[in-house]
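If you want the building blocks of each chain, they are given just below.
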Amino acid sequence: MKVVLQNLTKIYPSRNKKTDSDVIAVNDFSFEIASGDLVGLLGPSGCGKSTALNLICGLQSPTSGSIFFDEDDVTAVPPERRGVGVVFQNYALYPHLTVKENILFPLQNLKGPDKIPKQDMLNRANEVAGLVQIAGLMERKPSELSGGQQQRVAIARALVKMPRILLLDEPFSNLDARLRLQTREELRRIQRQTQITTVFVTHDQEEAMSISDTIIVMRDGKIEQIGKPQQVYDNPANLFVASFLGTPPINVFEGHVANGSAYIGNEAVISGINAENQQVYIGIRPEGFILNRQGPLKCELSRVEAMGRDISIVSKHSASASSIVRSICSESDISFESEQVCFSLKPEKVFLFSKETEERITSA
């Protein structure tokens, strides 16, 4: 099922008596989700991603714009007629019902021509329970389940209706780190197996990048960038996208471009730049540093942190926008003889942004 949003806008009236400015939660939102894709809506809290999800499923009505499922305009269609399955952040399981009863609940509420025989309901419930690997828990109550198991029950309940579209709103935020990793891998497996078009809302960029076919980075109700996760990471459209994606985050320095080179302080750190002379922000991914005693970027060494496979070098620089500069190097590179550490840079991991607009400057 293809999903198309055209100029979708959601405006809430101001509740502040001192100002008349309305709140624009979703601002002229337009994009297309290909049938069978898993798309991650990614952004900080308050950026409008959950509102966009609620508009797709019909829990909220847009102020303007249209929503299409394939060629059908569903903008005014009630949520129960859209054929969507929704998994909420808090799971929303009925505590007095068993796992089987929770999964069956959406089917038992079907009326008229949509109603299905009891045996067919049981067969479908058992099928989705096997899909999410909870077949042995069908007689338990939610209070007897772990967080990950409850999450699987919520997914099974959404899938049992055989939805055309699956919508997930921060589904892993209540799980610990290890369980979150395991559950998101299971979600990806289920989505690939069922080929249901899926929209996944999260503020966790690692989650979005690891399982999404496409990510949509949002800020203040607007789309900042759309693309495949690695493409967006490697080619951020602006400073916000570059800063939001990446763990550890990108290092940002104040600098300038002069005569075809990018400078941090008085040192030319990158040459061969085809851009006008101007003040810029220079973003350097943590993996973009190369330890080099003659390197042009000189930082004050703070400490070295062992991270298993890699070593994190924490340093300081007066031009850094942050209090620390974090670079990731392999253990074999480590050799310090003073409190100063010097780096050369990998050009493909260095990005220039306009000081005025924060938009990416193409440097080649």
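Computed from a predicted model, the values in this text were never measured in an experiment.

Calculation criteria
Throughout, residues of each chain are indexed from 1 in the direction in which the sequence is written. Since the coordinates come from a predicted model, pLDDT governs what is reported: local features require at least 70, and pairs of side-chain atoms require 80 or more to be given and counted, while whole-chain, interface and lining totals use all residues. Where side-chain values are given, they derive from all heavy atoms of the structure, hydrogens and water being excluded. Two rings belonging to Phe, Tyr or Trp (six-membered ring only in the last case) form a pair when the distance between their centres is within 6.5 Å. Interplanar angles under 30 degrees mark stacking, angles over 60 mark edge-to-face geometry, and anything in between is tilted. For every residue, the accessible area (1.4 Å probe, protein chains only) is compared with the maximum for its type, and the residue is labelled buried under 20%, exposed over 50%, or partly exposed between those bounds. Comment: elements are numbered from the N terminus, with helices defined as DSSP H or I runs of at least four residues and strands as E runs of at least two. Residues grouped as a nonpolar core are buried Ala, Val, Leu, Ile, Met, Phe, Trp, Tyr and Cys residues, joined through side-chain atoms within 4.5 Å. Here, two residues are considered to be in contact whenever any of their heavy atoms come within 4.5 Å of each other. Throughout the structure description, domain borders are defined by an automatic or database domain assignment. Two parts placed together each lose some accessible area under a 1.4 Å probe, and the buried area is that loss summed for both. Whenever Lys or Arg places a side-chain nitrogen within 4 Å of a carboxyl oxygen from Asp or Glu, that contact is recorded as a salt bridge. Nitrogen and oxygen atoms within 3.5 Å of one another constitute a polar contact, given that in protein one can donate a hydrogen and the other can accept it, and given that sequence-neighbouring residues count only through two side-chain atoms. Residue polarity follows a fixed list, in which Ala, Val, Leu, Ile, Met, Phe, Trp, Tyr, Cys and Pro are nonpolar, Asp, Glu, Lys and Arg are charged, and the others, Gly among them, are polar.

Digging into the packing of aromatic side chains
If you walk through the whole model with that rule in mind, you get four aromatic pairs. Where Phe-29 meets Phe-31, the ring centres are 5.2 Å apart and the plane angle is 80°; that geometry is what we call edge-to-face. A single burial state applies to Phe-29 and to Phe-31, both of which are buried. Where Phe-289 meets Phe-343, the ring centres are 5.0 Å apart and the plane angle is 70°; that geometry is what we call edge-to-face. Remark: Phe-343 occurs in strand β19 (residues 340–345) and Phe-289 occurs in strand β15 (residues 289–291); sequence separation between them is 54 residues. Neither Phe-289 nor Phe-343 differs from the other in exposure class; each is buried.

Here's the deal with the nonpolar core
If you look at the biggest cluster of nonpolar residues, it comprises 35 residues, and the most contacted ones within it are Ile-103, Ile-134 and Leu-159. At the level of secondary structure, the elements contributing two or more residues to this core comprise α2 (99–108), α3 (118–131), α4 (147–159), β7 (165–169) and α5 (177–194). Sort the elements by how many residues they give to this core and α4 lands first, with six residues. If sequence neighbours within four positions are ignored, Ile-103 has contacts with Ala-125, Val-128, Ala-129, Ile-134, Met-138, Val-153, Ala-156, Arg-157 and Val-160. Counting 27 residues, the second largest nonpolar core, distinct from the first, contains Val-257, Ala-262, Ile-284 and Leu-345.

Some words on the domain arrangement of the protein chain
As assigned here, the protein chain comprises domain 1 (3–236) and domain 2 (251–361). Distance from the C-alpha centre of domain 1 to the C-alpha centre of domain 2: 39 Å. Contact with domain 1, which involves four residues of that partner, is made by six residues of domain 2. Carbon and sulfur atoms make up 36% of the surface buried where domain 1 meets domain 2, a total of about 480 Å² over both sides. At the junction of domain 1 with domain 2, the criterion picks out one salt bridge. Between Lys-349 and Asp-234 there is a salt bridge whose closest N-O contact spans 4.0 Å. Our count for the domain 1 to domain 2 interface comes out at three residue pairs in polar contact (both at pLDDT 80 or more). Here the side of domain 1 that touches domain 2 is composed, by residue class, of two nonpolar, one polar and one charged.

What about the side chain of Ser-212?
Looking at where Ser-212 falls in the secondary structure, it is placed in the loop between α6 (205–211) and β9 (214–219). The class of Ser-212 is buried, set by a relative accessible area of 8%. A polar contact of 3.5 Å, which involves the side chain of Ser-212, links it to the backbone nitrogen of Gly-40. Within the structure, Ser-212 has its side chain in polar contact with the backbone oxygen of Ala-208 (distance 2.7 Å). Sequence-distant contacts of Ser-212, defined by excluding residues within four places in its chain, comprise Leu-38, Val-39, Gly-40, Phe-200 and Pro-229.

Description of the pattern of salt bridges
Counted according to the given criterion, the structure contains 12 salt bridges. For Arg-188, the salt bridge is made with Asp-213, and the minimal N-O distance between the two is 2.6 Å. Placement of Arg-188 in helix α5 and of Asp-213 in the loop between α6 and β9 is noted, with a sequence separation of 25 residues between them. For Lys-349, the salt bridge is made with Glu-287, and the minimal N-O distance between the two is 3.4 Å. With Lys-349 in the loop between β19 and β20 (350–354) and Glu-287 in the loop between β14 (278–284) and β15, this residue pair connects regions lying 62 residues apart in the sequence. For Lys-349, a relative accessible area of 17% puts it in the buried group. Classification of Glu-287 by relative accessible area gives partly exposed; the value is 24%.

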